[in-house]
Amino acid sequence: CLFSHKSSKREWKPLEDHSCTDVPWLLLFILFCIGMGFICGFSIATGAAARLLSGYDSYGNICGQKNVKVEGIVNSGLDLTQKKYVFFLDPCNIDLVHQKIKSIALCVSACPRKELKTLADIQKFAETNGSTLCSYELQPSEYTTDPRAAKLCPKYPVPESAPIPFFHRCAPVNISCYAKFAEALITFVSDSSVLHRLISGVMTSKEIIMGLCLLSLVLSMILMVIIRYISRVLVWILTILVILGSLGGTGVLWWLYAKQRISAGALETQIAKDNLQALLIYAIAATVFTVIMFLIVLIMRKRVALTIALFHVAGKVFIHLPLLVFQPFWTFFVLILFWAYWITVLLFLGTTGSPVPNEEGFVEFRMAGPLKYMWWYHVVGLIWISEFILACQQMTVAGAVVTYYFTREKRNLPFTPILASVNRLVCYHLGTVAKGSFIITLVKIPRMILMYIHTQLKGKENACARCMLKACICCLWCLEKCLTYLNQNAYTATAINSTNFCTSAKDAFVILVENALRVAAINTVGDFMLFLGKVLIVCSTGLAGIMLLNYQRDYTIWVLPLIIVCLFAFLVAHCFLSIYEMVVDVLFLCFAIDTKYNDGSPGREFYMDKVLMEFVENSRKSMKEAGRGGGAEGRELKPM
């Protein structure tokens, strides 16, 4: 592979030969992954895994096993084989600054499965179940007589708790503890009762929320099927449905607001007032959104027809490559596995180190020397490997679409072009994907650092510093989006011609610049149509949510449930339609290369679909009429 690397190749020969690309970057990525594995192995070898899974008390003892004495710490080195659960004396005392529970932790043999209101109840629980909830130096018979019990016993009433599966921690069953934690995080909620009502609304409507989330998934799948089979009329259907859906949703919101305002006098409850205020905000926001959407559609109506042929060709791609629809599932599944691994190792790192006495006389585990910076390496790994997984999806989709486009006889397509694309990716182009994802990581890390600094200095910096920080964050965000788009086209160029990342990025950039008018006229309008599809799914799911949650308005505040449902619907729609958007972008680059290096003459026949040629001719005529035709647009395309 090292000797077959051809960085000087410029002639486009689609799918004619394959060579390994950016091998040094693949080696660098493998070394980086080995470093990630070393962090995991180090944390496990130092006992962090046992401390995380089995739990440990405030004296450094791991629950459920014999322990070694820690110098200078009383109650350390105990045999806690029979005490397998961690119990916090005050589980609701949460230190937000240091992200931990600010309470003495003990190892107990059983969690209290019912509320204990007095010291006598705690003593009776210890005598009955053999689980001592007070500190080790107190015997159960001393709970009600020893004056130290006020400090060494749990704060009562002791809430009912249950062990967390696999982690052996006693957690309160009542969610009020977590509601107080959320109150401290959400600083804009001045009235704590508001947050309690929001959380109760989510818990009461959880079945409806799950059903609506499933509905958004079904709608996204249906929309993908519609794109495949009725792509010619899809654009106009989406445009009309979005306009009607926006008008209908806005009308329903104003109708519900008027109806509830009339009946508000009969039901003077805080929940009714909150719902009335939420309906007014929703109605105003929906009205503004509908007006803006209508104006955009009105301005772009002349260009809507230009996307129909391109959507038709993209629909053919999904007919021949049906597994493309399921590509987001595999990517999401791999990302979930990696994130679960990453979070597990992060928790290991939180309990890694040597036992050190703190100011209060308890034990903390801290790492000394360069090892304490391992979590920075771990964070970089999160970003780079996540981007690598996403880039693998882009390269896989690009390879499959390139195979479809540059195969003249569609009957000669591989049995599974997706698997063939994955095979080429693994055998030849992992180094290119590693390099492209690393470039995105280099831009994303400074942006996250600036965002963290902006959050920490909120309210402390002057207006000039705040403006400069926001400007830098915005510029880095724009740079990241531009590089992501260029990376995607570079992956397509690599899939076509098997060149390294820099060569592919340069060639793709030149092609895009030469076809700037086509990029503006085709890609932008196509992306807008896909955005309308996302809006349609969100509006449909949100409207169904409004109608269902409206039946619970008397006893449930449904602001938060509706927001959760709409966010989930948008994410699902984005995952599915982003694949369609990716296919459109790959098709456009293939088409631009096809028109540049082929003219329809013998030996240089076009690869493109006939519908796509008609689309380009219509686009060229439209641009000429608008006074923007010329150059490459003025060249007639000869049929194959």
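Up top is the structure.
As the structure is a computational prediction, the values presented were derived from the model and not from experiment.

Undergrad: Residue-level account of the overall build of the chain, with values.
TA: Across its full length, the chain holds 19 helices and eight strands. Put simply, the chain has 640 residues, and 47% of those count as buried. Counting only carbon and sulfur atoms, one obtains 68% of the accessible surface of the chain, whose full area is about 32,300 Å².

Undergrad: So what's going on with the packing of aromatic side chains? Which residues, and what values?
TA: For the structure on display, the rule yields 16 aromatic pairs. A network of ring pairs unites the aromatic residues W25, F29, F32, Y377, W384, F388 and F438 as a single cluster.

Undergrad: Give me the packing of helix α13 (residues 374-405) against helix α14 (residues 417-456): which residues, what numbers.
TA: The contact between α13 and α14 brings their axes to 5 Å, and the two run at 140°. It follows that α13 is oblique to α14 by the angle criterion. The way α13 lies across α14 gives a crossing that is right-handed.

Undergrad: Please set out the state of the cysteines residue by residue, giving values where relevant.
TA: With the rule as written, the count across this model stands at three disulfides. For C111, the disulfide goes to C170, at an S-S distance of 1.9 Å. Judged by the sign of its S-S torsion, about -80°, the bond between C111 and C170 is left-handed. Of this pair, C111 sits in the loop between β4 (105-108) and α3 (119-129) while C170 sits in strand β6 (residues 170-172); the two residues are 59 residues apart in sequence, bridging distant segments of the chain. Linked covalently through their sulfurs, C134 and C153 form a disulfide whose S-S length is 1.9 Å. The sign of the S-S torsion, about 110°, decides the handedness of the disulfide formed by C134 and C153: right-handed. Of this pair, C134 sits in the loop between α3 and α4 (149-152) while C153 sits in the loop between α4 and β5 (161-163), and the two are 19 residues apart along the sequence. Taken individually, C134 and C153 each receive the classification buried, so the pair is uniform in this respect.

Undergrad: Please set out the pattern of salt bridges residue by residue, giving values where relevant.
TA: Pairing of side chains with opposite charge becomes possible as their charged atoms draw close. According to the stated counting rule, one finds four salt bridges in the structure shown. With a shortest N-O distance of 3.1 Å, R148 and D146 are connected by a salt bridge. Taking the relative accessible area as the measure of exposure, R148 reaches 40% and is therefore partly exposed. The exposure class of D146 is buried, given its relative accessible area of 16%. The partner of E480 in a salt bridge is R447, and the shortest N-O contact between them spans 3.0 Å. Residue E480 is located in helix α15 (residues 463-497), and its partner R447 is located in helix α14; the two are separated by 33 residues in the primary sequence. When sorted by exposure, E480 lands in the same class as R447, which is buried. Each of the salt bridges in this network shares a partner with another, and the network as a whole consists of E387, K444, R447 and E480.

Undergrad: So, the pairing of strand β8 (residues 363-366): which residues are in play, and what are the values?
TA: Of the two faces of β8, only one is covered, namely that formed by V363 and F365; the face formed by E364 and R366 stays uncovered. For strand β7 (residues 354-357) and β8, the ladder comprises four bridges, and the chain directions are antiparallel. Its bridge partner lying in β8, P355 is registered against F365. Hairpin connection, β7 to β8: the antiparallel pair is bridged by five residues, and G361 has positive phi, about 90°.

Undergrad: Now, about helix α16 (residues 501-514): what can you tell me, with residues and values included?
TA: Residues lying three or four places apart along an α-helix face the same way, a consequence of the helix completing one turn every 3.6 residues. Compared with an ideal rise of 1.5 Å per residue, which puts 14 residues at 20 Å, α16 spans 20 Å between its outermost C-alpha atoms and is within 8% of the ideal. For α16, the complete set of buried residues consists of F501, T503, S504, A505, D507, A508, I511 and L512.

Undergrad: Could you give an account of the nonpolar core, naming the residues involved and the relevant values?
TA: In this structure, L324, Y580 and V583 are the most contacted members of the largest nonpolar core, which totals 80 residues. The greatest single-element share of this core, amounting to 17 residues, is contributed by helix α18 (residues 559-597). Among all residues touching L324, those that are not within four sequence positions of it are V317, F318, V397, V401, I418, I579 and V583. The next biggest cluster of nonpolar side chains, apart from the first, holds 33 residues, and it includes Y59, L80, V108 and L119.

Undergrad: Describe the environment of S220, with residues and values.
TA: Tracing the backbone through its elements, the reader meets S220 in helix α7 (residues 206-229). When the C-alpha positions of S220 and F570 are compared, they lie 9.7 Å apart, and in sequence the two are 350 residues distant. Ignoring sequence-local partners within four residues, the contact set of S220 consists of I537, V572, A573 and F576.

Undergrad: Mind laying out helix α1 (residues 23-45), listing which residues take part and the relevant values?
TA: End to end, α1 covers 33 Å across 23 residues, agreeing with the expected 33 Å (1.5 Å per residue, within 8%). Buried within α1 we find V23, F29, F32, G35, M36, I39, C40, F42 and S43.

Undergrad: Could you give an account of the side chain of T441, with specific residues and numbers?
TA: Topologically, T441 is positioned in helix α14. A relative accessible area of 1% places T441 in the buried class. Reaching out from T441, the side chain makes a polar contact with the backbone oxygen of S437 at a distance of 2.8 Å. Setting aside residues no more than four positions away along its own chain, T441 makes contact with I383, W384, E387 and P446.

Undergrad: Account for the packing of α15 against α16, with residues named and values stated.
TA: At a minimum axis separation of 8 Å, α15 and α16 run at an interaxial angle of 105°. With respect to α16, the axis of α15 lies roughly perpendicular. Judged by residue contacts, Y485, L486, N487, N489, A490, Y491, A493 and T494 of α15 engage F501, S504, A505, A508, F509 and L512 from α16. Residues belonging to the contact of α15 with α16 are distributed by class as follows: 10 nonpolar, four polar and no charged.

Undergrad: Describe in detail a nonpolar patch on the surface, supporting the description with residues and values.
TA: On the surface, a cluster of nonpolar side chains totalling about 560 Å² of accessible area is made up of L53, I164, F166, F167, I343 and L347. Locating L53 in the fold gives a position in helix α2 (residues 48-54).

Undergrad: Let's hear about the environment of L536: which residues, and what values?
TA: When you line up the elements, L536 lands in helix α17 (residues 516-549). Sequence spacing of L536 and A573 is 37 residues, and the spatial spacing of their C-alpha atoms is 9.3 Å.

Undergrad: Go over the environment of L532 with me, naming the residues and quoting the values.
TA: Relative to the assigned elements, L532 resides in helix α17. Residue classification places L532 among the buried positions, given a relative accessible area of 0%. In this structure, the C-alpha to C-alpha distance between L532 and I243, residues 289 residues apart in sequence, is 9.6 Å. If we skip the residues at most four places from it in the chain, L532 touches T239, V242 and M293.

Reading guide: rules and limits
- Residues numbered from 1 in each chain as written.
- Predicted model: local features only at pLDDT ≥ 70, side-chain atom pairs only at ≥ 80, totals over all residues.
- Heavy atoms only, no water.
- Helix = DSSP H or I, 4+ residues; strand = E, 2+ residues; numbered from the N terminus.
- Buried < 20%, exposed > 50% of the residue type's maximum accessible area, 1.4 Å probe, protein only.
- Areas by Shrake-Rupley, 256 points an atom, 1.4 Å probe, with all protein chains shown as cover.
- Phe/Tyr/Trp six-rings, centres within 6.5 Å; stacked < 30°, edge-to-face > 60°.
- Axes fitted to C-alpha atoms, helices over the stretch in contact; angles between N-to-C directions.
- Parallel < 35°, antiparallel > 145°, perpendicular 65-115°, else oblique.
- Left-handed = near helix turned anticlockwise from the far one by under 90°.
- Disulfide = S-S within 2.5 Å.
- Salt bridge = Lys/Arg side-chain N within 4 Å of Asp/Glu carboxyl O.
- Pairing = 2+ DSSP bridges.
- Expected span 1.5 Å × (residues − 1).
- Core = buried A, V, L, I, M, F, W, Y, C linked by side-chain atoms within 4.5 Å.
- Contact = heavy atoms within 4.5 Å.
- Polar contact = N/O pair within 3.5 Å; in protein donor to acceptor, adjacent residues only side chain to side chain.
- Nonpolar A, V, L, I, M, F, W, Y, C, P; charged D, E, K, R; others polar.
- Patch = residues over 30% accessible without salt bridge, like charges linked within 9 Å, V, L, I, M, F, W, Y side chains within 5 Å.

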